There are 2 protein chains.
Amino acid sequence: MKIAIAGAGAMGASFGFLLAEAGHNVILIDGWDRQVEKIKSDGLTFEINGKATTKKMDIYYPHEVKHRVNDIELVILFTKAMQLDSMLSDIQDALTANTKVLCLLNGMGHEEVVARYVPKENFLLGNTLWSAALLEPGSVKLYPGGNVNLKNRDPKSKDDAIKVVDVLSEAGLSANYADEVMASIYKKLCVNAFCNGLCTLFDVTIAEFGNTKSELEVVNQIISEIIAIAKFEGIALDHQEMMTSFETVCDPEKMGGHYPSMHQDLVKNGRLTEVDYINGVIAKKGQQYGIPTPYNKLITEMIHIKEELLNAK
Amino acid sequence: MKIAIAGAGAMGASFGFLLAEAGHNVILIDGWDRQVEKIKSDGLTFEINGKATTKKMDIYYPHEVKHRVNDIELVILFTKAMQLDSMLSDIQDALTANTKVLCLLNGMGHEEVVARYVPKENFLLGNTLWSAALLEPGSVKLYPGGNVNLKNRDPKSKDDAIKVVDVLSEAGLSANYADEVMASIYKKLCVNAFCNGLCTLFDVTIAEFGNTKSELEVVNQIISEIIAIAKFEGIALDHQEMMTSFETVCDPEKMGGHYPSMHQDLVKNGRLTEVDYINGVIAKKGQQYGIPTPYNKLITEMIHIKEELLNAK
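Values in this document were obtained by computation on a predicted structure and should not be read as measured data. (Residues numbered from 1 in each chain as written. Chains lettered and ligands numbered in written order. Predicted model: local features only at pLDDT ≥ 70, side-chain atom pairs only at ≥ 80, totals over all residues. Heavy atoms only, no water.)

So, on to the interface of chain B and chain A. Counting from both sides, the interface comprises 26 residues of chain B and, opposite them, 26 residues of chain A. The contact between chain B and chain A buries some 2300 Å² in all, and 74% of this surface belongs to carbon and sulfur atoms. Per-residue buried area on chain B facing chain A is highest for B:Phe202, B:Leu298 and B:Ile305; these three make up 27% of the total on that side. Inspection of the region where chain B meets chain A yields two salt bridges. One salt bridge connects B:Lys297 with A:Glu217, and the closest N-O pair in it is separated by 2.7 Å. At the surface where chain B touches chain A, the tally comes to ten residue pairs in polar contact (both at pLDDT 80 or more). Mapped by element, the contributors of at least two residues to the side of chain B that touches chain A are α7 (181-202), α8 (206-210), α9 (215-232) and α13 (294-309) of chain B. The element that contributes the greatest number of residues to the side of chain B that touches chain A is α13(B), accounting for twelve residues. Residues that form the side of chain B that touches chain A fall into these classes: 13 nonpolar, five polar and eight charged. (Contact = heavy atoms within 4.5 Å. Buried area = accessible area lost by both parts, 1.4 Å probe. Salt bridge = Lys/Arg side-chain N within 4 Å of Asp/Glu carboxyl O. Polar contact = N/O pair within 3.5 Å; in protein donor to acceptor, adjacent residues only side chain to side chain. Helix = DSSP H or I, 4+ residues; strand = E, 2+ residues; numbered from the N terminus. Nonpolar A, V, L, I, M, F, W, Y, C, P; charged D, E, K, R; others polar.)

Written out as structure tokens, the structure reads:
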């Protein structure tokens with residue numbers, strides 16, 4: 001299958017590598033010059049379970065795609081939320097009536113943007129519990145044990161979704177066809193909502209935050225607000241399950257030892273964050289539905305204040 | 001008049017110095033050994049308007065008071081909120097039926113503690129807009145332009161309150177008899193509530209915080225919650241006046257250039273904060289009155305998390 005990875009950061013490059021290893025014709029697309037030039041000259045280095053492999057991969061800047069790439073069968077969207085619109089705008093001419101587009105971006109609320117470029121019958125929505133780190137430009141590391149959930153947006157495209165599930169699973173990416181894909185997006189949102197903003201504000205790892213005693217009430221409130229919003233949309237989430245998943249991510253032997261991605265973006269790299277697509281999307285839906293979501297709203301506002309204070313770009 | 005200053009930090013020591021200069025018999029009481037020993041050996045250095053003066057002052061540890069001090073006519077309480085109970089417990093034997101006690105602590109919610117040690121007819125409640133800094137042990141600086149508002153708790157003690165107003169004013173401390181003392185306590189609480197917690201969380205000066213664009217909605221919400229609580233207690237505060245006072249304290253030429261006291265306590269000195277008597281008291285009253293106060297509540301919780309993360313004592 002000819003697959004384009006739109007957004008070849010840590011996650012996108014890892015997926016691209018594994019799909020290429022499985023025999024697919026993969027092209028990477030990214031706008032960050034250091035990543036693009038390094039992979040162009042030296043290939044992509046991919047590490048999992050302590051073993052690193054370097055592989056030559058095709059990589060393009062978004063504006064190069066329309067002149068140089070055609071017949072793409074599947075696009076996997078893996079940009080940062082704020083880059084999604086310009087990525088789709090740059091590559092839209094390479095999308096045909098047969099190109100399926102799978103959105104795996106972090107957070108929530110990307111459907112409106114994708115729908116402007118992709119007809120419903122080609123649009124697959126999913127999320128992933130894989131996590132990855134960019135070690136340096138051209139070098140990524142995938143943490144074992146993730147999975148992908150996805151579903152067609154249009155009921156008549158179920159066969160396309162199942163085909164993509166098979167492609168991903170055969171590449172070792174443990175994909176599932178998920179009727180309840182929105183529930184799994186909400187569950188991941190919970191994990192992001194209680195870690196990302198607060199660890200970024202406190203400048204600590206997930207485990208350091210999770211080890212405080214005062215944090216439980218805050219996490220509890222954040223989750224309660226998300227559950228209320230999901231319920232309004234007809235999606236049932238279990239409070240206790242979400243609290244347990246908080247404990248799991250705090251485990252210092254697993255995710256807990258790391259700074260979450262928002263911290264890496266803002267504190268380490270001085271970049272704008274995806275908070276509007278995590279806590280912010282809950283605050284926005286809260287206002288829309290008339291449901292109070294003050295904790296998610298204040299955390300969103302505080303992250304924007306910190307972006308200003310750190311001159312994030 | 002024989003006056004004891006219970007809590008001789010930056011504010012208490014400044015008040016004590018000026019009252020002694022005005023001819024009163026002043027004793028300072030404090031539990032911090034570096035402050036006590038320095039003043040015992042070298043006197044207290046007091047600075048205002050760029051001019052510093054050193055003066056010999058009597059200073060005692062709280063536990064020394066009952067054996068060595070008697071006939072106190074006025075106690076001015078100026079401890080940190082968390083130290084109030086133990087201070088009163090230590091000095092209670094030196095309080096007579098004629099000792100007036102003026103509470104000028106920062107924040108709100110101290111009345112219950114004071115009432116356990118002081119009969120209503122001797123209890124004067126006030127607040128102050130003076131601000132002061134501890135330059136080093138034994139050396140304090142008072143910023144010009146403050147005032148004191150105070151009132152008797154018992155209607156029949158108005159003459160006592162007016163006498164204390166005169167004593168303070170004659171010492172240059174610009175005191176007023178304030179029928180609306182709770183309104184002025186609430187107004188000061190607003191200033192503390194929007195600066196202290198947030199500057200401490202972001203590790204910035206008041207002006208740096210005030211210069212961001214995203215902060216206005218947060219300040220707006222904090223003030224709205226405080227106004228709703230005050231209204232429930234029959235105290236009218238004006239939203240626009242509070243927003244204007246926020247702009248005033250952000251002025252980098254005045255307060256704005258400084259870190260607020262909570263930042264000095266927690267970030268600079270690793271001490272526990274008074275947040276429970278600032279944002280926390282609003283959250284507690286909100287729960288009691290059934291009024292939502294999530295912004296003040298989350299800020300209180302976040303400060304407690306930061307206290308834990310910094311191992312504050």
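The next point concerns the pattern of salt bridges. Residue and element names in this part refer to chain B. Taken as a whole and assessed by the stated rule, the structure comprises 29 salt bridges over all chains. With its nearest N and O atoms 2.9 Å apart, the salt bridge here joins Asp-42 to Lys-38. Placement of both Asp-42 and Lys-38 in helix α2 (residues 33-42) is noted, with a separation of four residues, approximately one turn of the helix. When the shortest N-O distance is used, the salt bridge between Asp-93 and Lys-66 registers 3.7 Å.

Glancing now at the relation of the copies chain B and chain A. Least-squares fitting of chain B to chain A yields an RMSD of 0.0 Å, with the superposition described by an axial translation of 0.0 Å and a rotation of 180°. Viewed as a symmetry operation, the transformation between the two copies matches a two-fold axis. Closest approach to the rotation axis within chain B is made by the C-alpha atom of B:Pro294, at a distance of 3.1 Å. Here 100% of the interface residues in chain B have copies in chain A that are interface residues too; the copies meet face to matching face. (Least-squares fit on C-alpha atoms with pLDDT ≥ 70 in both.)

Once that is clear, we can look at the side chain of A:Asn106. Residue and element names in this part refer to chain A. Along the chain, the position of Asn-106 falls in the loop between β7 (100-103) and α5 (111-115). At a separation of 3.4 Å, a polar atom in the side chain of Asn-106 contacts the side chain of Lys-188. Here the side chain of Asn-106 touches Asn-192 through a polar contact of 2.9 Å, side chain to side chain. Excluding anything up to four places from it in sequence, Asn-106 contacts Lys-188, Asn-192, Ser-261, Glu-274 and Ile-278.

It is worth spelling out the nonpolar core at this point. Within the largest apolar cluster, 143 residues are counted, with the highest numbers of intra-cluster contacts made by A:Leu77, A:Tyr186, B:Leu77 and B:Tyr186. Leaving out residues up to four positions away in the same chain, B:Leu77 has contacts with B:Ala6, B:Leu84, B:Leu88, B:Val101, B:Leu102, B:Cys103, B:Leu104, B:Leu105 and B:Val114. In this structure, B:Phe17, B:Val26, B:Phe46 and B:Val165 belong to the second largest nonpolar core, which totals 39 residues. (Core = buried A, V, L, I, M, F, W, Y, C linked by side-chain atoms within 4.5 Å. Buried < 20%, exposed > 50% of the residue type's maximum accessible area, 1.4 Å probe, protein only.)

Residues and elements named next belong to chain B. Buried residues are scarce in strand β4 (residues 51-55), accounting for zero of its five residues. Both strand β3 (residues 44-48) and β4 contribute to a ladder of five bridges, which runs antiparallel. Bridge pairing links Phe-46 to Thr-53 in β4. As consecutive antiparallel partners, β3 and β4 are separated by two residues, and within that stretch Asn-49 has a phi angle of approximately 50°, a positive value. (Pairing = 2+ DSSP bridges.)

Residue and element names in this part refer to chain A. Reading across the sheet, the four strands line up as β4-β3-β10-β9 and stay open at both edges, with mixed pairing between neighbours. Looking at strand neighbours, the two that pair on one side only are β4 (51-55) and β9 (131-136), the edges of this open sheet. Taking the axes of each pair of neighbouring strands and ignoring which way they run, one obtains an average angle of 25° across the sheet. One ladder, built from four bridges, connects strand β3 (residues 44-48) with strand β10 (residues 139-143); its direction is parallel. Directly across from Glu-47, in β10, lies its bridge partner Lys-141. (Axes fitted to C-alpha atoms, helices over the stretch in contact; angles between N-to-C directions.)

Our focus in this paragraph is the pairing of strand β8 (residues 123-128) of chain A. All names here are of chain A. Burial analysis of β8 places six of its six residues in the buried class, the great majority of the element. Burial along β8 is two-sided: the residues Phe-123, Leu-125 and Asn-127 and Leu-124, Gly-126 and Thr-128 are all buried. In this structure, β7 lies alongside β8, joined through three bridges in parallel fashion. Note that in β8 the partner of Cys-103 across the bridge is Leu-125. Here five bridges tie β8 to strand β11 (residues 148-152), and the two strands are oriented antiparallel to one another. Across the sheet, the residue bridging to Gly-126 is Leu-150, located in β11.

In this section: the environment of A:Ile291. All names here are of chain A. Structurally, Ile-291 can be placed in the loop between α12 (279-289) and α13 (294-309). The class of Ile-291 is buried, set by a relative accessible area of 17%. C-alpha of Ile-291 to C-alpha of Glu-225: the two residues are 66 residues apart in sequence and 8.2 Å apart in space. Apart from the residues lying within four places of it in its own chain, the contact partners of Ile-291 are Ala-228, Ile-229, Phe-232 and Gly-286.

Let's shift gears to α13(A). Residue and element names in this part refer to chain A. Between its first and last C-alpha, α13 extends 22 Å over 16 residues, near the 22 Å set by a 1.5 Å rise per residue. Here α13 lies mainly inside the structure; twelve of its 16 residues are buried. After α13 finishes, the residue Asn-311 shows a positive phi value of roughly 55°. (Expected span 1.5 Å × (residues − 1).)

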